[in-house]
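Now for the letters of each chain:
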Amino acid sequence: MDFRPLAEAERRQLLTALRGHADRGVALLIDPKDTGFAGTAEDVPDEQVIAAVKSVPVHY
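Description of the structure in this document. For clarity, every value in this text was computed on a predicted model and none was experimentally measured. (Residues numbered from 1 in each chain as written. Predicted model: local features only at pLDDT ≥ 70, side-chain atom pairs only at ≥ 80, totals over all residues. Heavy atoms only, no water.)

**Side note on the overall build of the protein chain**
Of regular secondary structure, the protein chain possesses two helices and two strands. Reading the secondary structure of the protein chain in the N-to-C direction produces α-β-β-α. Along the first, second and third principal axes, the C-alpha atoms of the protein chain reach 35 × 30 × 20 Å. In the protein chain, which comprises 60 residues, the proportion classed as buried is 10%. (Helix = DSSP H or I, 4+ residues; strand = E, 2+ residues; numbered from the N terminus. Buried < 20%, exposed > 50% of the residue type's maximum accessible area, 1.4 Å probe, protein only.)

What follows is the structure, encoded as structure tokens:
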């Protein structure tokens, strides 16, 4: 996995998205191919939410 520091533009975009999530509940989108930040959305289809939850490894 690529753990490089964020470029300044990426950093600003991510901070804006996080503020939108905190203020208005905007969904943060993640690219399933590389788990990178892919933007935001006001509404996300249920299928996309379920796929995201299923993709998270769980260790009990």
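Structure shown, so let's carry the discussion forward.
**A few points about the pattern of salt bridges**
A complete count under the given rule lists two salt bridges for this structure. Residues arginine 12 and glutamate 8 are paired through a salt bridge, measuring 3.7 Å at the closest nitrogen-oxygen approach. Taken together, the positions of arginine 12 and glutamate 8, both in helix α1 (residues 8-24) and four residues apart, correspond to about one turn of that helix. By relative accessible area, glutamate 8 is classed as partly exposed at 46%. A salt bridge links arginine 24 to glutamate 42, with the shortest nitrogen-to-oxygen separation between them at 4.0 Å. Separated by 18 residues along the polypeptide, arginine 24 in helix α1 and glutamate 42 in the loop between β2 (37-41) and α2 (46-54) bring together distant segments of the chain. We classify glutamate 42 as exposed; its relative accessible area is 62%. (Salt bridge = Lys/Arg side-chain N within 4 Å of Asp/Glu carboxyl O.)

**Notes on α1**
In a regular helix each residue adds 1.5 Å, so 17 residues correspond to 24 Å; α1 covers 24 Å between its end C-alpha atoms and thus fits that length. In the segment just after α1, glycine 25 is the residue with positive phi, at about 75°. (Expected span 1.5 Å × (residues − 1).)

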